[in-house]
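Take a look at the letters that make up each chain.
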Amino acid sequence: MMLRQRLLEILTQAVAEAQRLGKLPPVIPSDISIERPQNAQHGDYASSFPLKVARAAGLNPIKVANEIVGLIAPTEELDRVSVAPPGFINFVLKDDWLAKQVESVLAAGDAYGNLDFGQNRSVQIEFVSVNPTGPLHVGHGRGAVIGSTLVGALSAAGCEVQKEYYINDAGNQVKTFYRSLFARYQQCFGIDAEVPVDGYVGSYMVDLAKEIIAETGDKFLHLPEAEAVSQLGQIGLQKMRRLIKDDLELIGVTFDVWFSEQSLFDNGQYQTVMSLLRQAGHLAEKENATWFVSTALGEDKDNVVVRSDGSPTYFGTDIAYHYNKFIERQFDEVIDIWGADHQGHVSRMKAVIGALGINPDRFKVIISQMVTLHRGKELVRISKRSGDIITLREVVEEVGADACRFFFLSRSADSQMDFDLELAKKQSMDNPVYYVQYAHTRVASILRLAAENGIDYGDGDVSRLTTEPELILIRKMLLLPEIIEVVARSLEPHHLPYYAQDLATVFHSFYKQCRVVSQDDIALTKARLKLVAATKLVLAKTLRLMGMTTPEKM
RNA sequence: GCGCUUGUAGCUCAGUUGGAUUAGAGCGCAGCCCUGCGGAGGCUGAGGCCGUGGGUUCGAGCCCCGCCAAGCGCGCCA
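Residues numbered from 1 in each chain as written. Chains lettered and ligands numbered in written order. Predicted model: local features only at pLDDT ≥ 70, side-chain atom pairs only at ≥ 80, totals over all residues. Heavy atoms only, no water.

K.L.:
So what exactly am I meant to see when it comes to the overall build of chain A here?
P.N.:
Each helix and strand in chain A was counted, giving 20 helices and 14 strands. With the C-alpha coordinates of chain A rotated into their principal frame, the extents come out at 85 × 60 × 40 Å. Across the 554 residues of chain A, 52% fall into the buried class. Considering only contacts in chain A between residues 6 or more positions apart, those separated by 24 or more positions represent 72%. Approximately 25,300 Å² of chain A is accessible, and the part contributed by carbon and sulfur atoms is 49%. In chain A, 58 positive and 70 negative side-chain charges are present, and the distance between their average locations comes to 4 Å. (Helix = DSSP H or I, 4+ residues; strand = E, 2+ residues; numbered from the N terminus. Buried < 20%, exposed > 50% of the residue type's maximum accessible area, 1.4 Å probe, protein only. Contact = heavy atoms within 4.5 Å. Areas by Shrake-Rupley, 256 points an atom, 1.4 Å probe, with all protein chains shown as cover. Lys, Arg positive; Asp, Glu negative; His and termini not counted. Charge placed at Lys NZ, Arg CZ, Asp CG, Glu CD.)

K.L.:
Explain the sheet that holds strand S3 (residues 88-93) to me, please; I cannot follow it from the model alone.
P.N.:
Within a sheet, adjacent strands bond to each other through the backbone by hydrogen bonds, running parallel or antiparallel. The strand order S1-S3-S2 describes an open sheet built from 3 strands, whose pairing is antiparallel. Two strands bound the open sheet, and with one partner strand each, they are strand S1 (45-47) and strand S2 (78-84). Adjacent strand axes in the sheet meet at a mean angle of 20 degrees when their direction is disregarded. Two strands pair when backbone bridges link them, and S2 and S3 are joined in this way by 6 bridges, in the antiparallel orientation. The residue of S3 that forms the bridge with valine 81 is phenylalanine 91. (Pairing = 2+ DSSP bridges. Axes fitted to C-alpha atoms, helices over the stretch in contact; angles between N-to-C directions.)

K.L.:
Would you mind going over the environment of valine 462 with me for this structure?
P.N.:
Within the element layout of this structure, valine 462 appears in the loop between helix H16 (432-452) and helix H17 (468-477). Judged by its relative accessible area of 6%, valine 462 falls in the buried class. Between the alpha carbons of valine 462 and lysine 526 there is a distance of 8.3 Å; along the sequence they are 64 residues apart. If sequence neighbours within four positions are ignored, valine 462 has contacts with Ala99, Lys100, Val102, Glu103, Ala527 and Lys530.

K.L.:
Hey, could you run me through the confidence of the model for chain A in this one?
P.N.:
As a note on interpretation, predicted positions should not be read in detail where pLDDT is low. Predicted confidence across chain A gives a mean pLDDT of 91, with 96% of residues reaching 70 or more. For this predicted complex, the interface confidence comes out at an ipTM of 0.94, alongside a pTM of 0.93. (pLDDT = per-residue confidence, 0-100.)

K.L.:
Looking at this model, I keep getting lost on empty space enclosed by the protein. Mind explaining?
P.N.:
Leftover empty space is mapped by rolling, across the atoms, a probe with the size of a water molecule. Inspection of every chain in the model, using the stated rule, returns 1 cavity of 30 Å³ or more. Its boundaries defined by the atoms lining it, the largest cavity holds a volume of some 40 Å³. In terms of lining residues, the largest cavity is bounded by Leu3, Arg36, Asp44, Tyr45, Leu93, Arg475 and Leu478. When the residues that make up the lining of the largest cavity are grouped by side-chain class, the tally is 4 nonpolar, no polar and 3 charged. (1 Å grid on protein atoms, 1.4 Å probe; cavity = no way out; pocket = protein on both sides within 12 Å on 5 of 7 lines; lining within 4 Å. Points joined across faces, edges and corners; volume = space filled by probe spheres on them. Nonpolar A, V, L, I, M, F, W, Y, C, P; charged D, E, K, R; others polar.)

K.L.:
Could you clarify how one ought to interpret the protein's contact with RNA strand B in this entry?
P.N.:
Surrounding RNA strand B, one finds 64 residues, the nearest of these being Gln38, Lys301, Arg307, Arg442 and Tyr498. Restricting attention to atoms of RNA strand B within 4 Å of the protein, one finds that 62% of them are sugar or phosphate atoms. Contacts to RNA strand B include serine 48, whose side-chain N or O atom sits 3.2 Å from a base nitrogen. In the model, a base nitrogen of RNA strand B is placed 2.9 Å from a nitrogen or oxygen of the methionine 554 main chain. Residues that form the surface near RNA strand B fall into these classes: 23 nonpolar, 25 polar and 16 charged. (Near = heavy atom within 4 Å. Polar contact = N/O pair within 3.5 Å; in protein donor to acceptor, adjacent residues only side chain to side chain.)

K.L.:
Is there a simple way to think about the nonpolar core in this case?
P.N.:
Across soluble globular proteins, nonpolar side chains have a tendency to be buried as a group. Among the nonpolar cores identified, the biggest contains 126 residues, and Ile68 and Phe419 are the most heavily contacted of them. Residue contributions to this core peak at 11 residues, all from helix H20 (residues 522-545). Looking at which domains feed residues into this core, each of domain 1 (3-93) and domain 2 (98-111 + 429-545) gives three or more. (Core = buried A, V, L, I, M, F, W, Y, C linked by side-chain atoms within 4.5 Å. Domains from an automatic or database assignment.)

K.L.:
Before we go on, may I ask you to explain the pattern of salt bridges in this structure?
P.N.:
Pairing of side chains with opposite charge becomes possible as their charged atoms draw close. Per the counting criterion, the structure on display carries 28 salt bridges. The residue lysine 364 makes a salt bridge to glutamate 333 at a minimum N-O spacing of 3.5 Å. Residue lysine 364 is located in strand S11 (residues 363-368), and its partner glutamate 333 is located in strand S10 (residues 333-339); the two are separated by 31 residues in the primary sequence. When its relative accessible area of 9% is taken as the criterion, glutamate 333 is described as buried. Residues glutamate 485 and arginine 489 are paired through a salt bridge, measuring 2.3 Å at the closest nitrogen-oxygen approach. Highlighted residues: glutamate 485 and arginine 489, both in helix H18 (residues 480-490), separated by 4 residues, approximately one helical turn. Among the charged side chains, a salt-bridge network with shared partners connects Arg4, Arg36 and Glu482. (Salt bridge = Lys/Arg side-chain N within 4 Å of Asp/Glu carboxyl O.)

K.L.:
Even after reading the chapter, I still don't get helix H4 (residues 95-108), so can you show me in this structure?
P.N.:
When the terminal C-alpha atoms of H4 are compared, their 21 Å separation across 14 residues agrees well with the 20 Å that a helix rising 1.5 Å per residue should span. For H4, every residue scored as buried is listed here: Trp97, Leu98, Ala99, Gln101, Val102 and Val105. Along its buried surface, H4 packs onto helix H1 (3-20), S3, H17 and H20. (Expected span 1.5 Å × (residues − 1).)

K.L.:
Looking at this model, I keep getting lost on the sheet that holds strand S7 (residues 283-286). Mind explaining?
P.N.:
With antiparallel pairing, the 3 strands of this open sheet are ordered in space as S7-S8-S9. Because the sheet does not close on itself, it has two edges, and the strands there are S7 and strand S9 (303-306). If you compare each strand with its neighbour and ignore which way they point, the axes differ by 45 degrees on average. Bridge analysis of S7 against strand S8 (residues 289-292) gives 4 bridges, and the strand direction is antiparallel. Residue pairing in the sheet places alanine 284 in a bridge with tryptophan 291 of S8.

K.L.:
For this particular structure, what's the right way to read the packing of helix H10 (residues 269-279) against helix H11 (residues 314-328)?
P.N.:
Pairs of packed helices are described in terms of their axes, by the angle between the two and the distance that separates them. Contact pair H10 / H11: the axes reach a minimum separation of 9 Å and the direction vectors enclose 95 degrees. Classed by the angle they form, the pair H10 and H11 counts as roughly perpendicular. In this structure, H10 contributes Gln269, Tyr270, Thr272, Val273, Met274, Leu276 and Leu277 to the contact, and H11 contributes Gly316, Ile319, Ala320, Tyr323, Asn324 and Glu328. Looking at the contact of H10 with H11 residue by residue, the classes come out as 8 nonpolar, 4 polar and 1 charged. (Parallel < 35°, antiparallel > 145°, perpendicular 65-115°, else oblique.)

Written out as structure tokens, the structure is:
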């Protein structure tokens, strides 16, 4: 069980006992909480529960705290429990108990940090889902990295997670893509064709046309235009999907399901959900279009779901898609990661989910804000319209997948971020990526040295770990499960890189102060090797959660 | 005009569901530490009215209201 939970249990028991003895009024259990004091001098954990209950009941918080502390029996993990003004309860862990945790970490192995917090609830997380009409750019990369990291953290936290990419293969964008590609194709043969006004003008479309010509020649020039556009377009679309998949794999992002928008029409689910909404009175005809009457649900305005020409809007098909997620596939929880430009879509989507009788709390949207690229001080401009885009692939090839992932993860999703290519590329100490990975290689090299010297530390006695640097390192390792819970609960993966840096820092500090492999004291050497091996596990776990490699050498 | 997000050290950002007379980290800046396991490291210091003005309470960077500034969005694009 997680340490914090264990302490919560101890505290809750004491509170219940105090209530039984009539020393405390009845309270709601959720009021009881254990926090981590920001000032370490106050102890490992603390509770402000006495302050809260004292206010509600009109009691003296110090007295309340003393009553509770008096009812906490000694335990193996707690050195002391004390009361501090104005009414805190502070918990300090026992040094020898901390030392023993090294064995627990080693025994848990790769599973260290995993929780049952999620209780196997099924979570579907959908991200990237870029139209297959062009290559991914940096902003997409951010969503991809956040999404894939959440998948790992939620899995570690005990959720059954499925990751999905939604392919918009049915809308207007696809038709425009088809016509753009056909125009480029014709141009390659010297035909005076024009890319549609709102078409895709990027140079990658020319490359795509050339690639298809290299494979199949001019055969589409000899077909009736409608047929040519459609056949050529489908080939192009397939290639685009392949390209996107490859780009994503470059930063370690894969999916369980590639979900086709078109399938929602083919299997009738779009029609089903529309008639459900119609029967429930959520749809209305206005100006020849069909509207979702969200104003009746407290929204600012209604939204079109079926255009006057009879075709569904993006919103319309997205309704069907989420009906599919919740009703057809029965996920307990659905998480969507969208770009900042979709932010206006959130509240109407929540409204429609409520209208379908689904608890909107089961639907979570993460908006990942924009990324601006810098090269040192210089701003790198992105303009999709002109086709002048910085692709994700270019960035990954320039700075590497590990650095790319780490940087994307280092900022909370809801604030815009600057991505400095120069900094990410630097293999020096200004780059936190290398700082963290360096800690891992140092650990690895110590273990290598021990192996070369034939030291078997299996019988190491961890009770020899008593000094400050050792205990600080152990305390930091014990934090990982809490970090995983925070990430899973808040859906904010940016806590991981910060934890990784903290862990690396305390390790480097330990390394400086505590000689590990030494002939002078073989017993201490073995104990410290156990600590180092445990550190390796925790560092590696953290790096893997972030989707980064765990180098043995650099 | 309305909505969402953001505003914390020179720069880039954390701040774990309001908590403890000193608000943290990295970089940058000023210094110190190499007869040892990887110096891609360790240590010390300077640097903040937490955008701004009110409010809520035992207690606010965090909650509420106003204002200022930036980004994004606002009925048949996705």
